[in-house]
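The residues making up each chain are set out below.
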Amino acid sequence: MTDQITTGPLTTEAGAPVADNQNSQSAGPGGPGLIQDQLLIEKLAHFNRERIPERIVHARGAGAYGTFTVTADLTKYTRAKFLSEIGKETEVFLRFSTVAGNLGAPDAVRDPRGFALKFYTEEGNYDLVGNNTPVFFIKDAIKFPDFIHTQKRDPYTGSQEADNVWDFWGLSPESTHQVTWLFGDRGIPASYRHMNGYGSHTFQWNNEAGEAFWVKYHFKTDQGIKTLTAQEAADLTGQDPDSHQRDLRTSIENGDFPTWTVQVQIMPVAEAATYRFNPFDLTKVWPHADYPPIEIGKLELNRNPQNIFAEVEQSIFSPHHFVPGIGPSPDKMLQGRLFAYGDAHRYRVGINADHLPVNRPHATEARSHGRDGFAYDGRHGGAKNYEPNSFGGPVQTDRPLWEPTAVTGYTGDHEAPSHAEDNDFVQAGALYRLMSDDEKDRLIENLAGFISQVSRDDIAERAIENFRKADEDYGKRLQAAVQALRG
């Protein structure tokens, strides 16, 4: 970031000194305004354009800078340089967000939280775009626009409608696991500091020898999990809609830097085909008994952005931003996001969004032949804009960032392959049975309060049946609670 502009004469955007910033020009003291008033026109025109399109999802957010420090020897798993030695530090920027709410929505609501982390590594920026839950509602990106439409405002009423939400979830039983997470105690974190983060998807790590591994990321809060009940959240949103953003900012200002212990689960590639769950299904976890998480590092946030618009609103993250030693997996949700995130930012912030200070590499420099376009800063000067060239331009490395993945079969619209214990309900039932009696009571109360708002009995009954398939007691208690509320 450049130094703040705090001294010297006020100028126009073009640098000309401003004589009067209190009175616009007019034709005489009482006459109409003049179009020749450069300052007036410039200020009004800039004001009209001060907002860029907000994110369709994850619009409401907060961010901070910090460091990631390696605490384990990971060289047998990955050749990524920022993970190459114990004690190595990498600058990071982390953006937290809600998912469904718009830019002006309150923080303390029942919604997943985005956990988007940018590592400014010496090999380029690595973006890990996850959530505060280890799973998601759907397993294929082709359903994502439909899912989000159910969470947003109805085309007719202009409000979020329980009918739309539960109609989709009831017809998409794969969502049962994530819905159980969302309506449990962790559905409303007390702050961004008091929640875990997850990469959620499965990713590839590969080492110098070319061996590949499948990995899942976990960021465990060192502040402890702290959540809000539905009533506590309702009270807080009325008192302070900016509660989570304010808490993060003030804690860092006060030197109370939040930290997370970073862990990964690691699966040898050869074990994926016969694992009891599809390891690339975003609606499933890898049980820790199968692949115990191992600690790899510490994440600390210790510096606030100086300008929210420039550094949080204009920050961009794409799961396609990999570095050597890290790559994607066949996860169909991840495959869709590899395109969708970058495309969203090209539309929203612009084709040169990567040139902004918060987005550009900090530990190296970008050397591409992408030129021109809106807000291009001329960084390439007169250098040639093609490759190969004989004028000393950048050249390819001939080494892919990740190892190839074997594929076979005919092209077509395929469901993801099922493994031995795959179904849409088994892990949701297991999560329910892990809960204490009090946790179950609150889960049932939260779900019943929302399902009872559905106008059609068939939609409510179908939704309840999915929870019954996860666990008989789960469905039975939920049905009784919904009936009591619906009379």
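Residues numbered from 1 in each chain as written. Predicted model: local features only at pLDDT ≥ 70, side-chain atom pairs only at ≥ 80, totals over all residues. Heavy atoms only, no water.

The name an unreviewed UniProt entry gives the chain is Catalase, with Streptomyces johnsoniae as the organism. Comment text from UniProt for the chain, heading Catalytic activity (unreviewed entry), reads "2 H2O2 = O2 + 2 H2O". (UniProt positions renumbered as here; feature names shortened; annotations may be inferred.)

This brings us to helix α2 (residues 144-151). Since one α-helical turn is 3.6 residues long, residues separated by three or four positions face the same way. Turning to α2, its buried residues number three or more, namely Phe147, Ile148, Thr150 and Gln151. The buried residues of α2 occupy an angular sector of 155 degrees when projected down its axis, which confines them to one face. Where α2 is buried, its residues contact α3 (162-171). (Buried < 20%, exposed > 50% of the residue type's maximum accessible area, 1.4 Å probe, protein only. Helix = DSSP H or I, 4+ residues; strand = E, 2+ residues; numbered from the N terminus. Arc of directions from axis to C-beta. Contact = heavy atoms within 4.5 Å.)

Before going further, it helps to spend a moment on the side chain of Gln314. Along the chain, the position of Gln314 falls in the loop between α7 (308-313) and β10 (326-327). In this structure Gln314 comes out as buried when scored by relative accessible area, which is 15%. Sequence-distant contacts of Gln314, that is, excluding residues within four places in its chain, are made with Ile52, Phe309, Arg348, Val349, Leu356, Val358 and Asn359.

Mapped onto the fold, Asp140 is located in the loop between β4 (124-131) and α2. It is 4.8 Å that separates the C-alpha atoms of Asp140 and Met333, two residues lying 193 residues apart in sequence. One polar contact links the side chain of Asp140 to the main-chain amide nitrogen of Ile142, over a distance of 3.0 Å. Within polar-contact distance, the side chain of Asp140 engages the side chain of Lys332 at 3.1 Å. (Polar contact = N/O pair within 3.5 Å; in protein donor to acceptor, adjacent residues only side chain to side chain.)

What follows covers the pattern of salt bridges. In the structure shown here, the tally under the stated rule is 30 salt bridges. Between Glu174 and Lys143 there is a salt bridge; the shortest N-O distance is 3.3 Å. Taken together, the residues span a long stretch of sequence, with Glu174 in the loop between α3 and α4 (176-183) and Lys143 in the loop between β4 and α2 at a distance of 31 residues. Among the residues examined, Glu174 registers a relative accessible area of 10% and is labelled buried. With a shortest N-O distance of 3.0 Å, Lys284 and Asp281 are connected by a salt bridge. (Salt bridge = Lys/Arg side-chain N within 4 Å of Asp/Glu carboxyl O.)

Turning our eyes to something else, we now look at the side chain of Arg468. For Arg468, the position within the fold is in helix α11 (residues 457-470). The exposure class assigned to Arg468 is buried, which follows from its relative accessible area of 19%. Setting aside anything within four residues of it in sequence, one finds Arg468 in contact with Gly475, Lys476 and Gln479.

Further remarks concern the pairing of strand β9 (residues 294-303). Of the strand pairs in this sheet, strand β1 (residues 61-70) and β9 are connected by 6 bridges, and their pairing is antiparallel. By the bridge assignment for β9, Tyr65 is matched with Arg303. Relative to β9, strand β8 (residues 259-268) is paired through 6 bridges, and the arrangement is antiparallel. Bridging from a neighbouring strand, Val264 pairs with Ile294 of β9. (Pairing = 2+ DSSP bridges.)

It is worth spelling out the packing of α11 against helix α12 (residues 472-486) at this point. Geometrically, a packed helix pair is captured by the angle between its two axes and the distance between the axes. α12 packs onto α11 with a crossing angle of 155 degrees between their chain directions and a minimal axis gap of 6 Å. By the criterion of interaxial angle, the relationship of α11 to α12 is roughly antiparallel. The handedness of the crossing between α11 and α12 is right-handed. Taking contact as the criterion, the partners of Asp457, Ala460, Ile464, Phe467, Arg468 and Ala470 in α11 are, on α12, Glu472, Tyr474, Gly475, Lys476, Leu478, Gln479, Val482 and Arg486. (Axes fitted to C-alpha atoms, helices over the stretch in contact; angles between N-to-C directions. Parallel < 35°, antiparallel > 145°, perpendicular 65-115°, else oblique. Left-handed = near helix turned anticlockwise from the far one by under 90°.)

Cross-referencing UniProt, the feature "domain: Catalase core" (unreviewed entry) maps to residues 11-395 in the present numbering. Between the first and last C-alpha atoms of residues 11-395 the distance is 43 Å; the span itself is 21% helix and 19% strand.

A separate point is the pairing of strand β3 (residues 113-121). Most of β3 is tucked away, with 9 of its 9 residues classed as buried. What you see with β3 is no split at all: Arg113, Phe115, Leu117, Phe119 and Thr121 on one side and Gly114, Ala116, Lys118 and Tyr120 on the other are buried throughout. Relative to β3, strand β2 (residues 89-98) runs antiparallel, the two being bridged by 7 bridges. What sits directly across from Phe93, in β3, is Lys118. Where β3 and β4 come together, 8 bridges link them in antiparallel fashion.

All chains considered together, the criterion is met by 37 aromatic pairs. Taking the centre distance of 5.7 Å and the plane angle of 90 degrees together, the rings of Phe136 and Phe147 count as edge-to-face. Taken together, the residues span a long stretch of sequence, with Phe136 in the loop between β4 and α2 and Phe147 in helix α2 at a distance of 11 residues. On the accessibility criterion, Phe136 (8% relative accessible area) is buried. On the numbers, 5.4 Å between centres and 70 degrees between planes, the contact of Phe322 with Trp402 is edge-to-face. Linking Phe322 in the loop between α7 and β10 with Trp402 in the loop between α8 (332-348) and α9 (426-434), this pair joins segments that are 80 residues apart in sequence. Feature note: the residues Phe136, Phe137, Phe144, Phe147, Trp166, Phe168, Trp169, Phe183, Tyr432, Phe450, Phe467 and Tyr474 constitute an aromatic cluster, connected by ring pairs. Geometry around Phe317 places Lys118 over its ring, the cationic atom sitting 4.9 Å from the centre. Of note, Lys384 hangs over the ring of Phe391, and the distance from its end group to the ring centre comes to 4.6 Å. (Phe/Tyr/Trp six-rings, centres within 6.5 Å; stacked < 30°, edge-to-face > 60°. Lys NZ or Arg CZ within 6 Å of the ring centre and 35° of its normal.)

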